[in-house]
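In case you want the letters, here they are:
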Amino acid sequence: MKKTVVKIVNCILVFVLVFSLTIWPEATTIGQLEQNIADDNNSLSELNDIIMGLEDEQDLLDEQISDLDAELVNMMTEIGILEEEIADKTEEIAVVQGQYDEAKAREEEQYNAMVRQIQFMYERGDTDYLTALLGAGSFDEVLNQITYMEAVYDYDRKLLEEYEDTKVQVGLLWDQLEADKAELQEAKAGMEVQQAYLDEMLEKLKIQSANYDAQLARARQEASLLKAKIKQEQAELKKLQEEERRKAAAAAAASGNYTVNKSVSEIISGASGSDLGKKIALYACQYIGNPYVAGGTSLTKGADCSGFTYRVFMDFGYTIPRTSYSQRSAGVEVSYKDAQPGDIICYDGHVALYIGGGYIVHASTAKTGIKLGRAEYRTILSVRRII
């Protein structure tokens, strides 16, 4: 529980931190943006740790809820079984009660009969008994009378004893059934108390689970906002870095201090055209030998044909279309005989930069990279002047 409280507090602190991040003033320098991104990434890492912790706590709660649900199902099943057993015992008790009542009635009937017989014999005294004996015609008849009376007495006594035994056995069985029923009812009552406790615990866990759900939703929302902020800052950083690179490239391009082969420099300087066009041609030629990369726009790490011309003009502050097909419509068209250094020579699916004297510099193929070549090595479709 203490661990959970600490996590919740940390979560709240991070929420406050994230909220404060969202209202910081926009960074204006690369250094400020880099620091902001580093801070935001640290906050995002802490928030992700908290989210993972909350998810672990949520998983534990879900497991406990599942276990309690299963325990409640078992408990309710056992209570149902006990209710059935109690109903069966109640039916058995009703049957035994009937047997007991019947035995009791028979016992009382037999007892009353014997009482009446004894009372009758007592009221008449021994004279009837003696008369019966003396009135016998022979000794055998006397013995028969005595035997008969003793037999009647023994039979009555035997029946009484049997009914007494039956009454005792039925009473004992009834007592046992009543005891069993009481035990089952006590067990059921205990289970119902336990079920009520489990229901209460389950309700508390479900409330906790709902709280974790809410905390996780907020944490994930904050993480999403923080990710969006970092993405925005990274885009802004990239924009500032690109702007800085452009400025550096433009400064380098404007300086005219390019390392170019002497023969190439002579070709460019000997051609007719503007000084800016010649600077662009000289600037492009210093990257001869660098790699060709499909889709690339880096003069050092690799570019394709249109990426090469796109980046050269961008470094001088000019924006032209990115693809070779689109560059065929850039600027104004001039005839090849009037081509000057800095013009774009367009071919079918390919572009190059004219440097004068019938030569071009272009990102040719992955095998040859950026190289010098003859302008008319392929059919020229158009010549475009950008400056």
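The structure reproduced in this document is the subject of the present report. Residue positions are counted from 1 within each chain, in the order its sequence is given. The predicted origin of the model limits local features to residues at a pLDDT of at least 70 and limits the giving and counting of side-chain atom pairs to 80 or more, whereas totals for whole chains, interfaces and linings rest on all residues. Only hydrogens and water are set aside; all other atoms, that is, all heavy atoms of the structure, feed into the side-chain values.

## A closer look at the sheet that holds strand β8 (residues 382-385)
- Any two strands with at least two DSSP bridges between them are considered paired. Comment: elements are numbered from the N terminus, with helices defined as DSSP H or I runs of at least four residues and strands as E runs of at least two. Strand order in the open sheet formed by six strands is β3-β8-β4-β5-β6-β7, and the pairing between neighbours is antiparallel. Sheet topology places β3 (332-334) and β7 (369-374) at the edges, where each strand pairs with a single neighbour. Across this sheet, the average inter-strand angle for adjacent strands is 35°, counted without regard to direction.
- Across three bridges, the pairing between β3 and β8 is antiparallel. Looking across to β8, one finds that V334 is bridged to V383.
- The strands touched by helix α4 (residues 262-270) are β5 (350-356), β6 (359-365) and β7; relative to β5, the strand with the most contacts, the crossing angle is about 80°. To obtain an axis, a line is fitted to C-alpha atoms, over the contacting stretch when the element is a helix, and the angle between two such axes runs from 0 to 180 degrees between their N-to-C directions. Working rule for contacts: check all heavy atoms of both residues, and any pair within 4.5 Å makes them a contact.

## Some points on a negative patch on the surface
- Like-charged residues are merged into a patch within 9 Å and nonpolar side chains (Val, Leu, Ile, Met, Phe, Trp, Tyr) within 5 Å, provided each residue has over 30% relative accessible area and no salt bridge. In this description, accessible areas are obtained by the Shrake-Rupley approach with a 1.4 Å probe, and a residue is regarded as covered only by the protein chains that are shown. Here, a salt bridge means any side-chain nitrogen of Lys or Arg that lies within 4 Å of a carboxyl oxygen of Asp or Glu. Positive charge is attributed to Lys and Arg, negative charge to Asp and Glu, and no charge count is given to His or to the chain ends. Where a charge lies is defined by one atom per residue type: Lys uses NZ, Arg uses CZ, Asp uses CG and Glu uses CD. There is a patch of like negative charges on the surface, built from D56, D59, D62, E63, D67, E71 and D213.
- In terms of residues, the negative patch owes the most to one element, helix α2 (residues 30-134), which gives six residues.
- Within the secondary structure, E63 sits in helix α2.
- With relative accessibility at 48%, the residue E63 sits in the partly exposed group. Burial status follows relative accessibility: with a 1.4 Å probe on protein chains alone, a residue under 20% of its type maximum counts as buried, one over 50% as exposed, and anything between as partly exposed.

## Remarks on the side chain of R385
- Here R385 lies in strand β8.
- For R385, the side chain forms a polar contact with the side chain of D343, separated by 3.0 Å.
- Those residues within four positions of R385 in sequence are excluded, and the remaining contacts are G331, V332, V334, D338, A339, Q340 and D343. As used in this structure description, the phrase polar contact means that two N or O atoms lie within 3.5 Å; if the pair is within protein, one of them must be able to donate a hydrogen and the other to accept it, and residues adjacent in sequence are counted only when both atoms belong to side chains.

## Observations regarding the environment of S335
- Its place among the elements puts S335 in the loop between β3 and β4 (344-347).
- Between the alpha carbons of S335 and R384 there is a distance of 8.7 Å; along the sequence they are 49 residues apart.
- Of note is the side chain of S335, whose polar atom sits 3.0 Å from the side chain of D338.

## What about the pattern of salt bridges?
- For the structure shown, the criterion picks out eight salt bridges.
- One salt bridge connects E200 with K204, and the closest N-O pair in it is separated by 3.6 Å. Here E200 and its partner K204 are both found in helix α3 (residues 139-255), four residues apart, which amounts to about one turn of the helix.
- In this structure K204 comes out as partly exposed when scored by relative accessible area, which is 46%.
- When the shortest N-O distance is used, the salt bridge between R322 and D304 registers 3.2 Å. In this pair, R322 is assigned in the loop between α6 (305-315) and α7 (324-327) and D304 in the loop between β2 (302-303) and α6, connecting sequence segments 18 residues apart.
- With a relative accessible area of 28%, R322 lands in the partly exposed category.
- For D304, a relative accessible area of 10% translates into the label buried.
- Overlapping salt bridges, with partners in common, bring together D40, K229 and E233 in one network.

By themselves these figures say nothing about function.
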